[in-house]
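Structural features, examined
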Amino acid sequence: MTVMAGTVAALICAVLITLIIVGVRSRAGDYKRNEATSAALRIAYEAGRKPVRGGLSAPDDVVLQLVDGSHRVTASTQRTLDAPPIARFRPAGADIYAARVLCSPQGLHGCMWVIALRVYQPNGSSVVYAATPTIPWYVAPGLIMFLICVSLLVVLLVCLRTWGTVDQTLAPVEAIRAELTEITAGESGHRVTVPENQDEIRRLAEAANATLDRLEGALTRQRSFTSDASHDLRSPIAAARAQIEEALLAADEVDWPRTARGVLQSLERLQAIVTDLLQLARLDAAAWQDTELIDLGALVTIELARSERTRRTVPHIQEGVTVLGDRLRIVRLLTNLLDNAERHAETQIDITIRREDGIAVLEVLDDGAGIAEQDRDVVFQRFARLAASKARDATGTGLGLPIAREIARIHGGTLTIEDSERGARFVLRIPRERGGTDT
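Residues numbered from 1 in each chain as written. Predicted model: local features only at pLDDT ≥ 70, side-chain atom pairs only at ≥ 80, totals over all residues. Heavy atoms only, no water.

**Digging into the overall build of the protein chain**
The following threshold applies: By the criteria applied, helices consist of DSSP H or I runs no shorter than four residues and strands consist of E runs no shorter than two, each listed in order from the N terminus. The classification of residues rests on relative accessible area computed with a 1.4 Å probe and restricted to protein chains. Under 20% of the type maximum is buried, over 50% is exposed, and intermediate values are partly exposed. Residues count as neighbours in contact if any of their non-hydrogen atoms are within 4.5 Å of one another. Working definition of accessibility: Shrake-Rupley area with a 1.4 Å probe, residue cover restricted to the visible protein chains.
Scanning the protein chain from terminus to terminus reveals eight helices and 13 strands. By residue count, 37% of the 439 residues in the protein chain fall in the buried class. Within the protein chain, residue pairs in contact and separated by at least 24 positions form 59% of the contacts whose partners lie at least 6 positions apart. On the protein chain, roughly 25600 Å² of surface is accessible, and the fraction owed to carbon and sulfur atoms is 57%.

**Observations regarding the sheet that holds strand 6 (residues 124–133)**
Our working rule: We treat two strands as partners when DSSP finds at least two bridges between them. Lines fitted to C-alpha atoms define the axes, with helix axes restricted to the stretch in contact, and inter-axis angles between N-to-C directions lie between 0 and 180 degrees.
Strand order in the open sheet formed by six strands is 1-3-2-6-5-4, and the pairing between neighbours is mixed. Edge strands, defined here as strands with exactly one partner in the open sheet, are strand 1 (54–55) and strand 4 (97–103). Judged from the five bridges that link them, strand 2 (residues 63–67) and strand 6 form a sheet pairing that is antiparallel. Paired with Val67 across the strands is Val127, a residue of strand 6. Packing of helix 1 (residues 2–49) onto the sheet brings it into contact with strand 2, strand 5 (111–121) and strand 6, and relative to strand 5 it is tilted by some 20°.

**A short note on the UniProt feature "transmembrane region" (unreviewed entry) in the protein chain**
Spelled out, the test is: UniProt positions are given in the numbering used here, feature names are shortened, and annotations may be inferred rather than shown by experiment.
If you check UniProt for "transmembrane region" (unreviewed entry), the listed places come out as residues 6–24, 97–117 and 137–160 in our numbering. Between the end C-alpha atoms of residues 97–117 the distance is 5 Å, and the span holds 0% helix and 67% strand.

**A look at the sheet that holds strand 13 (residues 425–431)**
Strand order in the open sheet formed by five strands is 8-10-11-13-12, with mixed pairing between adjacent strands. Whereas interior strands pair on both sides, the edge strands pair on one side only; in this sheet they are strand 8 (312–317) and strand 12 (414–418). Averaged over all neighbouring strand pairs, the angle between strand axes comes to 15°, with direction disregarded. Of the strand pairs in this sheet, strand 8 and strand 10 (residues 348–356) are connected by six bridges, and their pairing is parallel. When the sheet's bridge partners are listed, Val314 is paired in strand 10 with Asp350. Each of strand 10, strand 11 (359–366), strand 12 and strand 13 is contacted by helix 6 (residues 327–344), which is oriented at about 25° to strand 11, the strand it contacts most. Across the sheet, helix 8 (residues 400–410) touches strand 12 and strand 13, and the angle it forms with strand 12 is around 130°.

**Section: the pattern of salt bridges**
The condition that has to hold: Just to be clear on terms, a salt bridge is a Lys or Arg side-chain nitrogen sitting within 4 Å of an Asp or Glu carboxyl oxygen.
Taken as a whole and assessed by the stated rule, the structure comprises 17 salt bridges. For Arg42, the salt bridge goes to Glu46, with nearest N and O atoms at 3.8 Å. Linking Arg42 with Glu46, this pair stays in helix 1, spanning four residues, or about one helical turn. Exposure remark for Glu46: the relative accessible area of 30% places this residue in the partly exposed category.

**Structural notes on the confidence of the model for the protein chain**
Definition in use: What pLDDT reports is the predictor's confidence in each residue, on a scale of 0 through 100.
Averaged over every residue, the pLDDT of the protein chain is 82; the share at 70 or more is 87%. The model gives residues 435–439 a pLDDT under 50, and that stretch makes eleven contacts with residues more than four places away or in other chains.

**Some points on the state of the cysteines**
Rules: Only a pair of cysteine sulfur atoms within 2.5 Å qualifies as a disulfide here.
Per the stated rule, a full pass over the model turns up one disulfide. Across the disulfide, Cys103 is cross-linked to Cys111 (sulfur-sulfur distance 2.0 Å). Across the S-S bond of Cys103 and Cys111 the torsion is about 90°, and the bridge reads as right-handed.

**A closer look at the nonpolar core**
Stated precisely, the cut-off is as follows: Among the buried residues, those of types Ala, Val, Leu, Ile, Met, Phe, Trp, Tyr and Cys that are joined through side-chain atoms within 4.5 Å form a nonpolar core.
Residues Leu337, Leu362, Leu415 and Phe426 are the most contacted members of the largest nonpolar core, which totals 37 residues. Going through the elements one at a time, helix 4 (256–284), helix 5 (296–306), helix 6, strand 10, strand 11, helix 8, strand 12 and strand 13 are the ones with two or more residues in this core. Other than its neighbours up to four places away in sequence, Leu337 contacts Leu362, Val364, Leu401, Ala404, Leu415 and Phe426. Core analysis: the second largest hydrophobic core is formed by 18 residues, Trp113, Leu117, Val119 and Val128 among them.

Below, the structure written as structure tokens:
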């Protein structure tokens, strides 16, 4: 910013210097020419009244000569008193005035502006020559040095001012950076200071705090997930270990087939938890598989025919509702919703497939007790199980619905619980024209 400000200031100063020099040079040139013309007119007036001989007086830097019709110098300033005429041109025809720029006139040095005035005398006409040096492009060394010094001072002041302003402006950014470096996973509750001014820095601080809020929420969920996963994994392991240790205390009196069945049940629960954890890990990593056009109506029909349900399942299918996605994951989502509905339904489960403004909609509705509004987000948390769910199925993992929501998310859709007259109504919405994403 400082370099850019200094560059802009230098360019502006360069333009101003150019304009000043052009203006001053024009005024100085006019002054010099007027001075030489006035001196020439004075000599012409005097020569018209009486003969003029010898030396002539003139302002500094002005050279005057009176030349007769034979090109002899009859009067001149001291510099050219004994010199030949400084110019050979004369006013043309009936003109009495002519002017030219001559570089190194006769007997002089450098380029000079020369005028010629015709003077009519009784014995013939004469010519008064007046010469004055032309103005150089820089006008005068003192002027150009003064302008350069002033410009350098202006550029320096602009740079210093810009440096101070930028440093003052970025001070809150440095403070935010320092505070962010101090935040760790163990101190995730710390937030950066929000400046009072309503500017971009304040919005940056607010965005950083919002990001930290999301990160803290993610860390909280991760800690909860780790704790719950550890607990759920320990439970079947501890149960199997207890059964084996109890059996070994009286190995000859134990019903080993019964003990094996108990251990097998614990292993099956352990396997279900590990399988669901691996599925969640794949979903979190967005390990996308093949994408294909899926007819939701046909998929539901096939899955209902393949699986046996303990509750009556009634499909309500609108034909031609398709989505782009991973067939195996959509099947897993449907199976998880049906398994959940089957645990809570009294007699019937309704499955609805329809299109809605470019959105494919799948609904699973059971006729059970339903889910309270305050618990509708809880059931999608990993390992979260409501009391009613634990009572109906003590072996559940609490990962089915979170897996279903993650599958919906990676397909660009949503899975929510909406109001219904009775039971729990799960609604899946997926854009029909959009495939899976890796986000």
